[in-house]
Each structure stands twice: as C-alpha cells, then as structure tokens.
Amino acid sequence: MVSRVVVDESALRLGVVSDYGLRTGVKVLVHRALLRHVQDRAFAGDLGPLEGLSRITSSGLEVEYVGEAAAGWRESVLEYCRKEGIPLLTSDPLVARVAESMGISCVYEVPEPPLLVESVFSGDVMSLHVKEGLEPMIKRGHPGRWVFESVRKNPVTRVEIEALIAYIMKLAYGVFGTEAFVEVDKPELTILQLGPYRIVITRPPLSDGMEVTVVKPVIRVRLEDYNLPEKVFERFDRRAEGILIAGPPGMGKSTFAQALAEHYRNMRKVVKTVESPRDLNLPPDITQYSKSAAGDGEIHNVLLLSRPDYTVFDEMREAKDFEMYIDLRYAGIGMIGVIHASTPIDALHRIANKVDIGILPSIVDTLIFMDKGRVASVHTLEVVVKVPSGLKRADLARPTVVVKNFLTDTPEYELYVFGERVFFVPVKPSEERFEETGVFKRILSRYLSDFSVELTGNRLVVYVNPDEMRSYLKKAQNKVLKLARQAGLSVEVVPKQRARHG
C-alpha cells in the first residue's frame, strides 16, 4: 500500500490529488520547486494549479512540503522521486513515461472528460469550441455554409476543461509519433495534431480563459470535384508555377490547396508543404514541414536543397512567409501559397510591393479566389509595355501588369509604378469601352460615309476610305483628337485598304 506520493502540476490542475488521497489515505508531498512554479503561474493569471493546491489543503489530507525551491520544477520533482523512492502522482502521460523510464513508480490518474471528442465529430461537424464559463459549441456545415450549435446547456468549468485536456493528451501520447505529434508545447499554448484533429489549447495569460478548439476536415475532395473547365486543368498542368489561393477565412482555401497538392503528386511531381501547424490531410509521400517547429531559415534551406517540384505554403501571414515564397520562386520551385484576402486584388496587394512590378507575373502567374468552398474566379497575370489605364500621355508608357479573368480572357486590373508608388487600377468593362467607340462613331458619321473604329487597349485606330481622308483631316480630326485626349487615348488613322478587315 502506497503511504506517500509526490504530486506534479497536472495532478494539481485536474483535482485528482484530493480524490486519490481520500480514496487511499496517502500523505501528499508537494515539492517546493513545484510550489514556486504554482505561485509564478498564479501571478501570471493562471490560477488552475493554485486552486488544486487549495482543494488538497481544505480536504483534510496530510500535506508536506519537501525539497528546495529551485528552478525547473519538473526535473526537481522527478529527481526527488528517484532519490527517495517515492511514487509520483501525475495526470500527464509524457511525465508518466519519463518517470517510468527513470525507474520511478508512477500513479497515472486521469478524470472523466466532460465530453468525448470522437463522439462529437459526427456527420458534417467541422469544429468543437470549448471555453471555461461558456456552453461547449460545435460548428456544423461546410465552408461558407455553417451554423453554431450548443453541445450542452451547462457552461464548462475550469476543472472540466482541464479534464478534457488530460483526456486529449492521453489519447495523443498513446499514438505519439505515428498518428499524433505536438507542434507547440508551452505553459500558455499547446498545438497538436491527433489523427485527423487539429487541437489548439490556450491558457491565461495568453487567453482570457482556458479554451480548447478542435478542428477536423469535413470533406476530402479531389481537384476533379470542383468541376473546373478543362482549360484550368491545362493551366495547372502546363503553365502555373506561382499560384496564390486567396479568400476570406473558412471559405475552403486549404481544402483546395490539399486537392491541388494531391493532383501534382498524382502527376508524379515531388510535393512538399510548409504549414503552421501541420493540418493538411495528405498522403505520406507528401512531406509536411512545420514552420512553428523549425528555427529561422531551416525550412527555407531544406526546400532549396531538396528542390521539390511544388511547395504548398499554408498559410502565408508574416513578412518572412512572403519572402520565402518569393525566394523559392526565384529558385525555380513551383509555389502554391494560401493567403487571407477579401478580394482577388487584395491578395496581390500583399505581395506586389515586395517585388519589382515587372517580375510579379514570374512570382505569381495564377490567382485562385475561393468563396463558400468553390472556385469563384481564376486570374492570370502578364506584363506588357503600354500606357496604363488612368494615364493619357503616350510618353508615359511603362511595364504594366495586366490581371485578366482567365476564363473570359478580359483584363480586370492593371498594376504599374508611378513615382515610387504601385497603383492598382480597375480596367473599364468592355461595355464602357464599346460606349467610347460609339462616341467616336457618332462624330465621324457626320462627315464620313465609309469608316470603321477599333479600340485596342488605350489606342484608338480609325480606318478611313482614302477618298474621304481629306474630309477627315479638315472636318473631323480636331474633334476626334480632343475627345481622345480627354479619354486618355492615342489615335492612329489608317487608310482602309491597309486595314486587315478592309
């Protein structure tokens, strides 16, 4: 029969010390290094361990404080147990494993959780949201089409949420290294992947209360399931090497990136991913790198040395993320970047100021905009030398990036540098441009009977029958030139026998 037991932080948090002590009648030993840690956490706003200690002292159990108040409470507690031969009471599966590997007798106790994660995720449940003091909620539906539902009416207590965390960690360390891995493990933050579940645990002072968020991909789709036109597939297969997938949060960007990664993998391309955290559901032959688990520049160097055909970057947020995307594209690696943006042009705003405007189409050649789980639009970028929209003088011609709707082949935006600023200018819809030619036609019809007008970019071409050229020069030319200047157009007059459509 165990007469004494040393406790750790997890046992205090979860309240298992009182239950175990009252059940067995053991004497509870609290190491002073742990007591110091409990005080530090309380000053930081995390009262969980302190409340657990209070429950022990108020339960009538015999408590003794042992050891020295040194830094590194976990090492101090384990070393004390090893030297004194006293069992350790813990609710942390990793601590239990370490203790057993050191030859320490260990009592591993985990309370019943308030709910079972695997039972919550049925049907079309996308995520579980549990925060102390609130009802646990689930998000049900599909990207862009979901609703919040309550799992139970009673708010979750701190003890219950600690029990849920202990249950999750027990599951994770049972399959650690095969079906589970921990991305971040700090006092205030834990991020882990457990099978298909991405789990984020936050504690004060990082958050204003303990919170557990569990996210699971609802569906795994193939690129073919998006019913894209054949020309889009041809673009992906032959020309797209700098791809941005943009859209608001929760609209299916990562799901599409996952489908595109598998598409390239099925084409026998070498595909890797950069994620933070790793949560894309991909085959094992697609290596997934964790940005949060690597030091500065490590993943960058790995990708430059291994030279994959395509790299999926999910998601790009910080300046360093964009720098890595750009540098890897310079190195000739195909890149698929996932980025939050409310419109397609907003996505380009976030990268255009970081490169010379003339080489932007070499960095991003294809832009996919997602909305409610579907591909809302596909855009391509190309650079031409022209007078940009919004400028009028012919001597202001400069490299201009034209953003086109890929499916209709119509320009939608132009990007150019004027002074030291990058301008994003909407291109007038074709209806407005046709109206512009209509104005010129009305003027010319007053003086000419045989002519035609063609508008190409910012250049107006007037085809005139040679017999009526004198009438044009004397009566119509000044009016046409004046109106063209106001519209920012240059004018070229061509005799009709030289016209291609004569």
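Structure: see above.
The sections below set out a description of the structure shown in this document. Quantities reported herein were computed from a predicted structural model and do not represent experimental measurements.

**Regarding the overall build of the chain**
Phase 1: Tallying secondary structure elements over the chain gives 16 helices and 25 strands in all.
Phase 2: Radius of gyration (C-alpha) of the chain: 33 Å, far over the 23 Å computed for a compact globule of 502 residues.
Phase 3: When its C-alpha atoms are laid out on the principal axes, the chain stretches across 115 × 50 × 40 Å.
Phase 4: Looking at the chain as a whole, 49% of its 502 residues are labelled buried.
Phase 5: In the chain, of all internal contacts separated by at least 6 residues, the share reaching a separation of at least 24 is 57%.
Phase 6: Accessible area for the chain stands at about 24200 Å²; split by element, carbon and sulfur atoms hold 50% of it.
Phase 7: Separation between the mean location of the 66 positive side-chain charges and that of the 67 negative ones in the chain comes to 9 Å.

**Some details on the packing of helix α6 (residues 93–101) against helix α8 (residues 158–174)**
Phase 1: Put simply, α6 and α8 touch, their axes get as near as 8 Å, and they point 50 degrees apart. In terms of axis orientation, α6 runs oblique to α8. In contact with P93, L94 and R97 of α6, α8 contributes M169, K170, Y173 and G174.
Phase 2: Of the residues belonging to the contact of α6 with α8, the class tally is four nonpolar, one polar and two charged.

**Focus: the sheet that holds strand β13 (residues 242–247)**
Phase 1: Reading across from one edge, β15-β14-β16-β17-β13-β18-β19-β20-β21-β22 is the order of the ten strands in this open sheet, with mixed pairing throughout. With one partner strand each, in any of the chains shown, β15 (287–290) and β22 (421–426) form the two edges of the open sheet. On average, each strand axis in the sheet is inclined to that of its neighbour by 20 degrees, with strand direction left out of account.
Phase 2: Against the sheet, helix α9 (residues 230–238) touches β13, β16 (310–314), β18 (366–371) and β19 (374–386), its axis set at about 130 degrees to β18.
Phase 3: Relative to the sheet, helix α10 (residues 253–266) contacts β13, β14 (271–275), β16, β17 (334–340), β18 and β19, its axis offset from that of β13 by approximately 155 degrees.

**A short note on the packing of aromatic side chains**
Phase 1: Scanning the entire structure with this criterion turns up seven aromatic pairs.
Phase 2: For the ring pair F236 and F256, a centre distance of 6.3 Å and an interplane angle of 50 degrees mean the geometry is tilted. With F236 in helix α9 and F256 in helix α10, the pair connects residues that are 20 residues apart, well separated along the chain.
Phase 3: A residue is classified by how much of its surface remains accessible, and F256, at 0% relative accessible area, is buried.
Phase 4: When the ring of Y264 is compared with that of Y310, the centres are 3.8 Å apart and the planes differ by 10 degrees; the resulting orientation is stacked. Taken together, the residues Y264 in helix α10 and Y310 in strand β16 connect sequence positions 46 residues apart.
Phase 5: Through a chain of ring-to-ring contacts, the aromatic side chains of Y226, F236 and F256 assemble into a single cluster.

**A look at the sheet that holds strand β4 (residues 88–90)**
Phase 1: Reading across from one edge, β3-β2-β1-β4-β5 is the order of the five strands in this open sheet, with parallel pairing throughout. Edge positions in the open sheet fall to β3 (63–66) and β5 (106–108), since each of these has one partner strand only. Strand after strand, the sheet turns through a mean of 30 degrees between neighbouring axes, direction not considered.

**Re the nonpolar core**
Buried together is how nonpolar side chains tend to be arranged in soluble globular proteins.
Phase 1: V6, V7, L12, V17, L34, L88 and L89 are the most contacted members of the largest nonpolar core, which totals 36 residues.
Phase 2: Looking at which element gives the most residues to this core, the answer is helix α5 (residues 73–84), with five residues.
Phase 3: Those residues within four positions of V17 in sequence are excluded, and the remaining contacts are V7, A11, L12, V28, I56, L61 and L89.

**Some remarks on the side chain of E468**
Phase 1: Position of E468 relative to the elements: it lies in the loop between β24 (459–464) and α16 (469–487).
Phase 2: One buried charged residue, E468, forms no salt bridge at all, with the nearest opposite charge on K496 at 8.1 Å.
Phase 3: In contact with E468, other than residues within four places in its own chain, are Y447, L448, S449 and D450.

**A short note on the pattern of salt bridges**
Phase 1: Overall, the coordinates contain 24 salt bridges when judged by the stated rule.
Phase 2: Residues D46 and R13 are paired through a salt bridge, measuring 2.3 Å at the closest nitrogen-oxygen approach. Note that D46 is positioned in the loop between α3 (32–43) and α4 (48–58) and R13 in helix α1 (residues 9–14), a separation of 33 residues in sequence.
Phase 3: By relative accessible area, D46 is classed as buried at 0%.
Phase 4: Through salt bridges with shared partners, a single network forms among E9, R13, R41, D46, E132, R158, E162 and E188.

**Description of helix α2 (residues 16–24)**
Phase 1: Among all positions in α2, only V16, V17, S18, Y20 and G21 are buried.
Phase 2: Contact partners of the buried residues in α2: β1 (4–7), α1, β2 (27–31), α4, β4 and β5.
Phase 3: Taken from the residues just after α2, G25 is the one with a positive phi, measuring 75 degrees.

**Considerations on unusual backbone geometry**
Phase 1: P205 follows P204 through a cis peptide bond whose omega is 5 degrees.
Phase 2: For K372, which is not glycine, the phi dihedral falls at a positive 55 degrees.
Phase 3: Tracing the sequence through the fold places K372 in the loop between β18 and β19.

**Concerning the environment of V375**
Phase 1: Relative to the assigned elements, V375 resides in strand β19.
Phase 2: For the pair V375 and Y226, spaced 149 residues apart in sequence, the C-alpha to C-alpha distance is 7.2 Å.
Phase 3: Residues contacting V375, with those up to four places away along its chain left out, are Y226, L228, F256, I368, F369 and M370.

**A closer look at the packing of helix α11 (residues 298–306) against helix α12 (residues 319–330)**
Phase 1: For the pair α11 and α12, interaxial distance at closest approach is 11 Å and the crossing angle is 15 degrees. Relative to α12, the element α11 is oriented roughly parallel. Two packed elements cross with a definite hand, and for α11 against α12 that hand is right-handed. Residue-level contacts link H300, L303 and L304 of α11 to M324, D327 and L328 of α12.

Cut-offs used in this document
- The residue numbers shown here count from 1 along each chain, following its written sequence.
- Local features in this predicted model are restricted to residues of pLDDT 70 or higher, and side-chain atom pairs are both shown and tallied only at a pLDDT of 80 or more, whereas totals for entire chains, interfaces and linings draw on every residue.
- Side-chain numbers come from the whole structure's heavy atoms, not from hydrogens or water.
- Numbering of helices and strands starts at the N terminus; helices are DSSP runs of H or I of at least 4 residues and strands are runs of E of at least 2.
- Only the C-alpha atoms count toward the radius of gyration. The rule for a globule is 2.2 Å times the residue count to the power 0.38.
- Under the scheme applied here, a residue whose accessible area is under 20% of the maximum for its type counts as buried, over 50% as exposed, and between as partly exposed, the area being computed with a 1.4 Å probe on protein chains only.
- The contact criterion used throughout is that any non-hydrogen atoms of two residues lie within 4.5 Å.
- Values of accessible area rely on a 1.4 Å probe in the Shrake-Rupley scheme; residue burial ignores everything except the protein chains shown.
- When charges are counted, neither His nor the chain ends are considered; positive counts come from Lys and Arg and negative counts from Asp and Glu.
- Here the site of a charge means NZ on Lys, CZ on Arg, CG on Asp, or CD on Glu.
- Axes here refer to lines fitted to C-alpha atoms; in helices the fit is confined to the stretch in contact. Angles between the N-to-C directions go from 0 to 180 degrees.
- Roughly parallel here means an angle under 35 degrees, roughly antiparallel means over 145, roughly perpendicular means 65 to 115, and every remaining angle is called oblique.
- Each residue is assigned to one class: nonpolar for Ala, Val, Leu, Ile, Met, Phe, Trp, Tyr, Cys and Pro, charged for Asp, Glu, Lys and Arg, and polar for all the others, Gly among them.
- Note: two strands are recorded as paired if DSSP finds a minimum of 2 bridges between them.
- Aromatic pairs are defined between Phe, Tyr and Trp rings, using the six-membered ring for Trp, whenever the two ring centres lie within 6.5 Å; interplanar angles under 30 degrees are classed as stacked, those over 60 as edge-to-face, and all others as tilted.
- Throughout, nonpolar core names a set of buried Ala, Val, Leu, Ile, Met, Phe, Trp, Tyr and Cys residues whose side chains join them through atoms within 4.5 Å.
- Within this document, salt bridges are pairs made up of a side-chain nitrogen of Lys or Arg and a carboxyl oxygen of Asp or Glu, the two lying within 4 Å of each other.
- In this scheme the handedness of a crossing depends on how the near helix is turned from the far one: anticlockwise by less than a right angle means left-handed, clockwise means right-handed.

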